[in-house]
Amino acid sequence: PKLIEGESESGAGVFTTDYFGKTACLAQSPQLFKQMAISSDLTRVFEVGPVFRAENSNTRRHLCEFTGLDIEMAINDHYMETLEV
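Basis of the calculations
Residues numbered from 1 in each chain as written. Predicted model: local features only at pLDDT ≥ 70, side-chain atom pairs only at ≥ 80, totals over all residues. Heavy atoms only, no water. Patch = residues over 30% accessible without salt bridge, like charges linked within 9 Å, V, L, I, M, F, W, Y side chains within 5 Å. Areas by Shrake-Rupley, 256 points an atom, 1.4 Å probe, with all protein chains shown as cover. Salt bridge = Lys/Arg side-chain N within 4 Å of Asp/Glu carboxyl O. Helix = DSSP H or I, 4+ residues; strand = E, 2+ residues; numbered from the N terminus. Buried < 20%, exposed > 50% of the residue type's maximum accessible area, 1.4 Å probe, protein only. Arc of directions from axis to C-beta. Contact = heavy atoms within 4.5 Å. Pairing = 2+ DSSP bridges. Phe/Tyr/Trp six-rings, centres within 6.5 Å; stacked < 30°, edge-to-face > 60°.

1. Description of a nonpolar patch on the surface
Taken together, the side chains of F46, V48, L69 and I71 define a hydrophobic patch exposed on the protein surface, amounting to about 470 Å² of accessible area. For the nonpolar patch, the elements supplying multiple residues, two or more each, are β4 (44-52) and β5 (65-73). In this fold, V48 is placed in strand β4.

2. What to know about helix α1 (residues 31-39)
By the burial criterion, the buried members of α1 are K34, A37 and I38. One side of α1 holds all its buried residues, which, seen down the axis, span an arc of 100°. Relative to its buried face, α1 has exposed residues pointing more than 90 degrees away, namely L32 and S39. On its buried face, α1 sits against β4 and β5. Looking at the residues trailing α1, positive phi occurs at D41, about 75°.

3. So, the sheet that holds strand β1 (residues 3-4)
Remark on secondary structure: sheet strands pair via backbone hydrogen bonds, oriented parallel or antiparallel. Ordered by their spatial adjacency, three strands build an open sheet running β1-β3-β2, and the pairing between neighbours is antiparallel. At either end of the open sheet lies a strand with only one pairing partner, and these are β1 and β2 (16-19). In this structure, β1 lies alongside strand β3 (residues 22-26), joined through two bridges in antiparallel fashion. Bridge pairing links L3 to L26 in β3.

4. Some details on the pattern of salt bridges
If you walk through the whole model with that rule in mind, you get two salt bridges. The salt bridge involving D70 is made with K34; its shortest N-O contact spans 3.6 Å. Here D70, found in strand β5, pairs with K34, found in helix α1; they are 36 residues apart in sequence, far enough to count as distant. Here the salt bridges share partners, and the residues they tie into one network are K34, D70 and E72.

5. Quick word on the pairing of β2
Direction of pairing for β2 relative to β3: antiparallel, over a ladder of four bridges. Opposite Y19, over in β3, you have K22 as the bridge partner.

6. Section: the packing of aromatic side chains
Scanning the model with the defined rule gives one aromatic pair in all. Look at Y19 and F20: their rings are 4.8 Å apart centre to centre, the planes differ by 80°, and that puts the pair in the edge-to-face class. Classification of Y19 by relative accessible area gives partly exposed; the value is 45%. Judged by its relative accessible area of 74%, F20 is exposed.

The values are spatial; any link to function lies outside them.
In structure tokens:
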């Protein structure tokens, strides 16, 4: 989901909006949802989608919205398994 009830990363700035009388935030990361999918026995999960950040910056290279590739993988025995992907 891209419109959620609260911050998805603590300490980072978020864009908020009114959503049917309640405050909603634009998602900063799909991390929580990927971890939930991994814990339900999906071994590999990915998402390609928009990411939103509301950090105060005055540079031209700072992004408030970008398309991110997020990947999550279950590790069964050792972290070296990730090198075999």
